[in-house]
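Structural description and commentary
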Amino acid sequence: MKKFALFTGSLMAGLSVALGAFGAHAWKDYLRHINRLETFETAARYQMYGGIALLILGVWQMNFSNKHLKSAAYFQFAGSIIFPGSLYLICLTNLGIFGAIAPIGGLCYMMGYGLMMWSIFKK
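Going by what an unreviewed UniProt entry lists, the protein is known as DUF423 domain-containing protein and is assigned to Aquirufa esocilacus. What the UniProt record of the protein gives under Sequence similarities (unreviewed entry) is the line "Belongs to the UPF0382 family."

Here it is, written out as structure tokens:
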């Protein structure tokens, strides 16, 4: 499980840098035109947060592992796809309806962090 967290954390963090750079350079004019540059930056930032959380979980599991940390990694991974993914879709399509998906990703992030906290007490 630690390999999953480390791999996906590295992947999410790397993608956030690549997509953030793409949005800041190649798509900047388009994103400004549709008034979504801030949305795109938020997506890249939260994708990085999820990547960092997964990296922390991977390192944490090298020393201590339990079912709560494993579940936390799955929730963080889901949040890292669903939340920023819905924001990226808003930017790509300029359809606000994808904003209805974002709270699901936010809940996944919160569940992941909650399970991380719970693991401390179950240690």
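Further remarks concern the overall build of the protein. Of the regular secondary structure elements, the protein holds five helices and zero strands. The helix and strand sequence of the protein, counted from the amino end, reads α-α-α-α-α. With 123 residues in all, the protein has 39% of them scored as buried. Put simply, 76% of the contacts in the protein that link residues at least 6 apart link residues at least 24 apart. With an accessible surface of roughly 6,900 Å², the protein has 69% of that area assigned to carbon and sulfur atoms.

Let's shift gears to the UniProt feature "transmembrane region" (unreviewed entry) in the protein. The UniProt record annotates "transmembrane region" (unreviewed entry) at residues 44-60, 72-90 and 96-121. Taken as a whole, residues 72-90 contains 100% helix and 0% strand, while its terminal C-alpha atoms sit 27 Å from one another. Its end C-alpha atoms 40 Å apart, residues 96-121 is made of 77% helix and 0% strand.

Under the counting rule described, the total for this entry stands at 10 aromatic pairs. The interplanar angle of 75 degrees and the centroid separation of 5.4 Å between the aromatic rings of phenylalanine 4 and phenylalanine 77 together place this pair among those described as edge-to-face. Of this pair, phenylalanine 4 sits in helix α1 (residues 2-25) while phenylalanine 77 sits in helix α4 (residues 67-93), and the two are 73 residues apart along the sequence. Each residue in the set Phe22, Trp27, Tyr30, Phe40 and Tyr88 is aromatic and connected to the rest through ring pairs, giving one cluster.

Further remarks concern the nonpolar core. Of all hydrophobic cores here, the largest spans 13 residues; its most connected members are Leu31, Phe40, Ala43, Phe83, Leu87, Tyr88 and Cys91. Those residues in contact with leucine 31 that lie beyond four places of it in its chain are Gly23, Arg36, Leu37, Phe40 and Cys91. Met12, Trp60, Ala73 and Leu115 belong to the second-largest nonpolar core, a separate cluster that totals 10 residues.

Reading guide: rules and limits
Residues numbered from 1 in each chain as written. Predicted model: local features only at pLDDT ≥ 70, side-chain atom pairs only at ≥ 80, totals over all residues. Heavy atoms only, no water. UniProt positions renumbered as here; feature names shortened; annotations may be inferred. Helix = DSSP H or I, 4+ residues; strand = E, 2+ residues; numbered from the N terminus. Buried < 20%, exposed > 50% of the residue type's maximum accessible area, 1.4 Å probe, protein only. Contact = heavy atoms within 4.5 Å. Areas by Shrake-Rupley, 256 points an atom, 1.4 Å probe, with all protein chains shown as cover. Phe/Tyr/Trp six-rings, centres within 6.5 Å; stacked < 30°, edge-to-face > 60°. Core = buried A, V, L, I, M, F, W, Y, C linked by side-chain atoms within 4.5 Å.

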